[in-house]
Structure formats: C-alpha cells, structure tokens
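Residue strings, one per chain:
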Amino acid sequence: MSHFWGPVANWGLPIAAISDMKKSPEIISGRMTFALVCYSMLFMRFAYKVQPRNWLLFACHLTNETAQLIQGGRLIKYNMEKKTAK
C-alpha cells in the first residue's frame with residue numbers, strides 16, 4: 001500500500017516547484033534547491049532499484065528533479081543579471 005500513497009504525497013514537492021516558476025527568482029533558495037536536487041536524485045535511484053520497481057515514485061522525483069534544475073537555472077540567471085546591472 002505504501003507503494004502508492006508515499007509517491008502520491010511526494011507530488012507536493014514538484015507541484016510547489018512548478019507553481020513557484022511563475023514567481024520572482026529572488027525568492028529561490030539556492031541551498032534548498034541544491035538539497036532537493038540531491039534528494040530527488042537519490043530517490044530516483046531508490047525507486048528504480050527497489051523490487052518491484054516503483055515507477056510512480058520515480059516519475060515524481062524525475063519531475064521534481066527537472067523542476068528544481070529549472071529553478072536553479074533561473075536563480076543563476078537572476079544572480080548573473082544582478083551582477084552585470086551593478
């Protein structure tokens with residue numbers, strides 16, 4: 001049963017990251033984004049290695065990984081533009 005509800009509850013992370021893409025990049029925490037990238041990378045590996053493979057959990061963390069990398073890119077771009085504006 002936990003192979004279903006755990007991943008369903010985890011979808012809050014990528015949903016929040018995707019909704020934050022509409023907000024200003026100045027609210028992005030670089031440390032938290034890095035932590036979530038590492039977290040999702042580890043759990044994608046876990047979801048793949050566990051038997052039976054947990055594809056729902058894998059998909060959730062793949063989505064979060066993608067969203068966090070985009071957020072990280074937005075933060076880097078924002079910081080670079082801020083530096084060149086000075």
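Quantities reported herein were computed from a predicted structural model and do not represent experimental measurements. For every chain, the first residue of the written sequence is number 1, and numbering continues from 1 onward in sequence order. Reporting in this predicted model follows two pLDDT cut-offs: at least 70 for local features of residues, and 80 or more for side-chain atom pairs to be given and counted; totals over whole chains, interfaces and linings ignore these cut-offs and use all residues. Only hydrogens and water are set aside when side-chain values are computed; all heavy atoms of the structure are taken into account.

### Points about the overall build of the protein
Then, in step 1: Strands here mean DSSP runs of E at least two residues long; helices mean DSSP runs of H or I at least four residues long; both are numbered from the N terminus. When helices and strands are counted, the protein shows four helices and zero strands.
Then, in step 2: The secondary structure elements of the protein, listed N-terminal to C-terminal, are α-α-α-α.
Then, in step 3: Buried means the residue's accessible area, taken with a 1.4 Å probe over protein chains only, is under 20% of the maximum for its type, while exposed means over 50%, and partly exposed covers the values in between. The burial tally for the protein puts 29% of its 86 residues in the buried class.
Then, in step 4: Per-residue and other accessible areas follow the Shrake-Rupley method at a 1.4 Å probe size, with only the shown protein chains counted as cover for residues. Surface summary for the protein: the accessible area is close to 6100 Å², and the carbon and sulfur share equals 69%.

### Overview of the confidence of the model for the protein
Then, in step 1: Per-residue confidence from the predictor is reported as pLDDT, a score between 0 and 100. Taken as a whole, the protein shows an average pLDDT of 91; of its residues, 95% reach a score of 70 or greater.
Then, in step 2: Between the elements of the protein, mean pLDDT differs from a low of 72, seen in helix 1 (residues 2-10), to a high of 96, seen in helix 3 (residues 30-49).

### As for the side chain of Arg74
Then, in step 1: One can find Arg74 in helix 4 (residues 55-85).
Then, in step 2: Comment: no salt bridge for buried Arg74; closest opposite-charge side chain is Asp20, at 7.5 Å.
Then, in step 3: In protein, a polar contact requires one atom able to donate a hydrogen and another able to accept it; more generally it is a pair of N or O atoms within 3.5 Å, and residues adjacent in sequence count only if both atoms are side-chain atoms. At a separation of 2.5 Å, a polar atom in the side chain of Arg74 contacts the main-chain carbonyl oxygen of Lys23. Counted as positive: Lys and Arg. Counted as negative: Asp and Glu. His and the chain ends are not counted at all. What counts as a salt bridge is simple: a side-chain nitrogen of Lys or Arg found within 4 Å of a carboxyl oxygen of Asp or Glu.

### Structural notes on the packing of helix 3 against helix 4
Then, in step 1: Interaxial distance between helix 3 and helix 4 falls to 8 Å at its minimum, and their mutual angle equals 155°. Relative to helix 4, helix 3 is oriented roughly antiparallel. Crossing geometry of helix 3 relative to helix 4 is assigned as left-handed. When helix 3 is examined against helix 4, the residues Gly30, Thr33, Leu36, Val37, Tyr39, Ser40, Met41, Phe43, Met44, Phe46, Ala47 and Tyr48 are found in contact with a partner set consisting of Trp55, Leu57, Phe58, His61, Leu62, Asn64, Glu65, Gln68, Leu69, Gln71, Gly72 and Leu75.
Then, in step 2: As a working rule, the residues Ala, Val, Leu, Ile, Met, Phe, Trp, Tyr, Cys and Pro are called nonpolar, Asp, Glu, Lys and Arg charged, and the rest polar, with Gly in that last group. Broken down by class, the residue content of the contact of helix 3 with helix 4 amounts to 15 nonpolar, eight polar and one charged. Axis lines are fitted through C-alpha atoms, for helices just across the contact stretch, and the angle between N-to-C directions can take any value from 0 to 180 degrees. Small angles under 35 degrees read as roughly parallel and large ones over 145 as roughly antiparallel, with 65 to 115 read as roughly perpendicular and the rest as oblique. What makes a crossing left-handed is the near helix being turned counterclockwise from the far one by less than a right angle; a clockwise turn instead makes it right-handed. Two residues qualify as a contact provided that any one of their heavy atoms is within 4.5 Å of a heavy atom in the partner residue.

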